[in-house]
Amino acid sequence: MAADLENAGSLKQQLAILFEASLRITVPDELDVEPLIAACNPRFGDYQCNNAMSLWTKIKGKGTEFTGPQPIGRAIMKNLPASEMIESCTIAGPGFVNVVLSKQWIAKSIQKMLIDGIQTWAPKLPVKRAVVDFSSPNIAKEMHVGHLRSTIIGDTLARMLEFSNVEVLRRNHVGDWGTQFGMLIEYLFERFPDWEVISDQAIGDLEAFYKASKQRFDTDPGFKERAQQAVVSLQGGEEKYRKAWAQICEISRRGYERVYQRLGVQLEEKGESFYNPYIPEALEALSNAGLIEESEGARVIFIEGKNIPLIVVKKDGGYNYASTDLTALRYRLNKEKAEWMIYVTDVGQREHFEMFFTAAKRAGWLPADDNMYPKVSHVGFGLVLGEDGKRFRTRSTEVVKLVDLLDEAKSRCKAALIERGKADEWTGEELEKTAEAVGYGAVKYADLKNNRLTNYTFNFDQMLNDKGNTAVYLLYAHARICSIIRKSGKDIEELKKTGKIELAHPDERALGLHLLQFAEIVEEACTNLLPNVLCEYLYNLSEYFTKFYSNCQVVGSAEETSRLLLGEATAVVMRKCFNLLGIVPVYRI
């Protein structure tokens, strides 16, 4: 059991191992009972085992020795294996077992993490490989504020899963195929007869290029006919058209890269065109499973409870989102051997995902039970709103370009730092880097701290405020901890080896316990695909530290070594939270 506890992952998982051992002794015939462990009201303890009530319901008609839930709770408590983790247990209400953890054990666990590294606090998840499909802009269109949420949320989910030792395939499912390429290619040929040798600058703003080609398509019947023919030539593999298509994709890609670089986001592109050759065999598999039917000239899959069918081949014989998405899912299951496919798009696409997930279950590609692997999850998110409560747009009602938005966040931060005299104290590079870290971090955190399903209002003044639940406040809180350690003049690396953490004061213990709950918070955020859970933990961590620092003198106190180590542990966990949220920490303010 000691080895199991050592490798258990989160604090909650470690307690679950102890209670599972007790349950096997208490109710040996009920082998399918899982321990129910939850944090509890601090007045009663740190954690609670809540199995007694449900166990009583399960066994009361089976000739059991127990007379109710409370005696079951007492037996669970009595049968707990001895452990250095637990200081004491009590029974409350109908058999709840309240647990108080040993502060010596909490201190020892924190000290061990400081020596062995934060990776030892990674939670254990029941999955080895996952696909996170996020960002996914359309070729020839600028990335705008609508792509911000998918990119930021997807990156954070990928980071949390990677920290939890899951191999993550980060997929950028770009819209790089379809009928719009006919008009783009035809317009390219028309505007630039020497299109093979022109530069990005000549084409200029791709968004404007797209709009101009769309206008020609809508107003000129001759152009429209040539554009439709160009689609056929492209899909037929004609070299001239493939080359023009590749050039348009490459110019777009360079534009996206500028955004991903600023945000520090890594993605591997596998766009719609990648899956195109695999569509016929995927449709054949669905047809063989008896799912595809003819309807009004199209080929469709009827989904129970939905008024409209899922169209997989259009009337004109062309493919669509559903055909590509089903094919991509099949590829990810069979070729990439992924166990969890996570799709990060706006909530408006929920029905599409529900329908194609249902089709995949009916085809036998996925288990019917949503809790079994391999499984699929749609991570929906709300809109980014402007101050007026409508979709966030510029004054000229254009969608806001992401590059412009990030550049403004950085320049506002830089101005605030210069105002505070930092231009005189720091090098130019330090100023730039800090403005970038705080500016981009502020934009990310303002998004991630909200439950992703809700709309949120984009407001620079709020997100760049250094008070309250903002990235600026949290980054400064981290820098303050680093400053306390620097000012002590002590070598923190040396203290880790020679010093000892003591949690005598209630505020030291409260901070220590919160630090130790980091793994289960990451586990919860991963399991429920909710980054705001981690944001809330991080903000509370800074509040616990503030309370500790207000009531416990650090530098110059008899407990200086212990308290510096507790400060360092807080900084280490804060840095890992920032890392998982894609935010770069700052060490000086």
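Residues numbered from 1 in each chain as written. Predicted model: local features only at pLDDT ≥ 70, side-chain atom pairs only at ≥ 80, totals over all residues. Heavy atoms only, no water.

- In the annotation of an unreviewed UniProt entry, the protein chain is listed under the name arginine--tRNA ligase and assigned to Davidia involucrata.
- Turning to the protein chain, the UniProt annotation filed under Catalytic activity (unreviewed entry) states: "tRNA(Arg) + L-arginine + ATP = L-arginyl-tRNA(Arg) + AMP + diphosphate". (UniProt positions renumbered as here; feature names shortened; annotations may be inferred.)

## Some remarks on the overall build of the protein chain
Thought 1: Helices and strands together make up the secondary structure of the protein chain, namely 25 helices and 14 strands.
Thought 2: Its C-alpha atoms give the protein chain principal-axis dimensions of about 85 × 75 × 40 Å.
Thought 3: The 589 residues of the protein chain split such that 53% are buried.
Thought 4: Considering only contacts within the protein chain whose residues lie at least 6 apart along the sequence, 72% involve residues at least 24 apart.
Thought 5: Taken as a whole, the protein chain presents about 27200 Å² of accessible surface, with 49% of it coming from carbon and sulfur.
Thought 6: When the 73 basic and 80 acidic side-chain charges of the protein chain are each reduced to a single mean position, those positions are 2 Å apart. (Helix = DSSP H or I, 4+ residues; strand = E, 2+ residues; numbered from the N terminus. Buried < 20%, exposed > 50% of the residue type's maximum accessible area, 1.4 Å probe, protein only. Contact = heavy atoms within 4.5 Å. Areas by Shrake-Rupley, 256 points an atom, 1.4 Å probe, with all protein chains shown as cover. Lys, Arg positive; Asp, Glu negative; His and termini not counted. Charge placed at Lys NZ, Arg CZ, Asp CG, Glu CD.)

## Observations concerning the UniProt feature "domain: DALR anticodon binding" (unreviewed entry) in the protein chain
Thought 1: Residues annotated in UniProt with the feature "domain: DALR anticodon binding" (unreviewed entry) correspond here to residues 474–589.
Thought 2: For the annotated span residues 474–589, helix accounts for 73% and strand for 0% of the residues, and the straight-line distance between the end C-alpha atoms is 12 Å.

## Here we look at the sheet that holds strand β3 (residues 86–92)
Thought 1: Judged by pairing direction, the sheet is antiparallel, and its 4 strands sit side by side in the order β1-β2-β4-β3 without closing on themselves. Two strands bound the open sheet, and with one partner strand each, they are β1 (37–39) and β3. Averaged over all adjacent pairs, the angle separating strand axes in this sheet is 30°, with direction ignored.
Thought 2: Taken together, the 3 bridges between β1 and strand β2 (residues 47–49) define a ladder with antiparallel strand orientation. Each residue of the ladder has a partner; that of alanine 39, found in β2, is tyrosine 47.
Thought 3: Packing of helix α4 (residues 69–78) onto the sheet brings it into contact with β2, β3 and β4 (96–101), and relative to β3 it is tilted by some 170°. (Pairing = 2+ DSSP bridges. Axes fitted to C-alpha atoms, helices over the stretch in contact; angles between N-to-C directions.)

## Focus on the UniProt feature "domain: Arginyl tRNA synthetase N-terminal" (unreviewed entry) in the protein chain
Thought 1: UniProt marks residues 13–101 with the feature "domain: Arginyl tRNA synthetase N-terminal" (unreviewed entry), using the numbering shown here.
Thought 2: Taken as a whole, residues 13–101 contains 36% helix and 21% strand, while its terminal C-alpha atoms sit 14 Å from one another.

## Quick notes on the packing of aromatic side chains
Ring pairs (aromatic) are described by centroid distance and by the angle formed between their planes.
Thought 1: Within this structure, the stated rule accounts for 24 aromatic pairs.
Thought 2: Residues tyrosine 343 and phenylalanine 356 carry aromatic rings whose centres are separated by 5.8 Å and whose planes lie at 90° to one another, so their mutual orientation is edge-to-face. Taken together, the residues tyrosine 343 in strand β11 (residues 340–346) and phenylalanine 356 in helix α15 (residues 350–362) connect sequence positions 13 residues apart.
Thought 3: Classification of tyrosine 343 by relative accessible area gives buried; the value is 3%.
Thought 4: Judged by its relative accessible area of 0%, phenylalanine 356 falls in the buried class.
Thought 5: Between tyrosine 343 and phenylalanine 357, the aromatic rings sit 5.7 Å apart at their centres with planes inclined by 45°, giving tilted as the arrangement. Residue tyrosine 343 is located in strand β11, and its partner phenylalanine 357 is located in helix α15; the two are separated by 14 residues in the primary sequence. With respect to burial, tyrosine 343 and phenylalanine 357 carry one shared label: buried.
Thought 6: Members of the aromatic cluster, joined through ring pairs, are Phe274, Tyr275, Tyr278 and Tyr331.
Thought 7: Positioned above the aromatic ring of phenylalanine 189, the side-chain terminus of lysine 240 is 4.3 Å from the ring centre. (Phe/Tyr/Trp six-rings, centres within 6.5 Å; stacked < 30°, edge-to-face > 60°. Lys NZ or Arg CZ within 6 Å of the ring centre and 35° of its normal.)

## Side note on the domain arrangement of the protein chain
Thought 1: Looking at the assigned domains, one finds that the protein chain contains domain 1 (1–101), domain 2 (129–175 + 268–379), domain 3 (179–247) and domain 4 (402–581).
Thought 2: Computed from C-alpha atoms alone, the centre-to-centre distance between domain 3 and domain 4 is 49 Å. (Domains from an automatic or database assignment.)

## Description of helix α22 (residues 506–516)
Thought 1: Most of α22 is tucked away: 9 of the 11 residues are buried.
Thought 2: Within α22, the full set of buried residues consists of Asp507, Glu508, Arg509, Leu511, Gly512, Leu513, His514, Leu515 and Leu516.

## As for the sheet that holds strand β6 (residues 167–172)
Thought 1: As summarised here, the arrangement of the 5 strands in space is β7-β6-β5-β11-β12, forming an open sheet in which the pairing is parallel. Each edge of the sheet is formed by a strand with only one pairing partner; in this case those strands are β7 (268–269) and β12 (375–381).
Thought 2: In the packing of helix α14 (residues 321–334) onto the sheet, the strands contacted are β5 (129–133), β6, β11 and β12, and the crossing angle to β11 comes to about 150°.

## Notes on the pairing of β12
Thought 1: Summarising burial for β12: 7 of the 7 residues are buried, a large majority.
Thought 2: Alternating residues of β12 divide into Lys375, Ser377, Val379 and Phe381 and Val376, His378 and Gly380, and every residue in both groups is buried.
Thought 3: Bridge analysis of β11 against β12 gives 7 bridges, and the strand direction is parallel. Directly across from aspartate 346, in β12, lies its bridge partner phenylalanine 381.
Thought 4: Tracing the backbone out of β11, into α15 and back to the parallel element β12 gives a crossover that is right-handed. (Right-handed = clockwise from strand over helix to strand, strands pointing away.)

## Concerning the pattern of salt bridges
Thought 1: Overall, the coordinates contain 50 salt bridges when judged by the stated rule.
Thought 2: A salt bridge links glutamate 20 to arginine 24; its shortest N-O distance comes to 3.1 Å. In this pair, glutamate 20 and arginine 24 both sit in helix α2 (residues 11–26), 4 residues apart, roughly one turn of the helix.
Thought 3: Overall, the relative accessible area of 24% leaves arginine 24 in the partly exposed class.
Thought 4: In this structure, lysine 270 and glutamate 336 form a salt bridge, with 3.8 Å as the shortest nitrogen-oxygen distance. Taken together, the residues span a long stretch of sequence, with lysine 270 in the loop between β7 and α12 (272–275) and glutamate 336 in the loop between α14 and β11 at a distance of 66 residues.
Thought 5: For lysine 270, a relative accessible area of 11% corresponds to the buried category.
Thought 6: Looking at glutamate 336, the relative accessible area reads 8%, which means it is buried.
Thought 7: Through salt bridges with shared partners, a single ionic network connects Glu186, Glu190, Arg216, Asp220 and Arg226. (Salt bridge = Lys/Arg side-chain N within 4 Å of Asp/Glu carboxyl O.)

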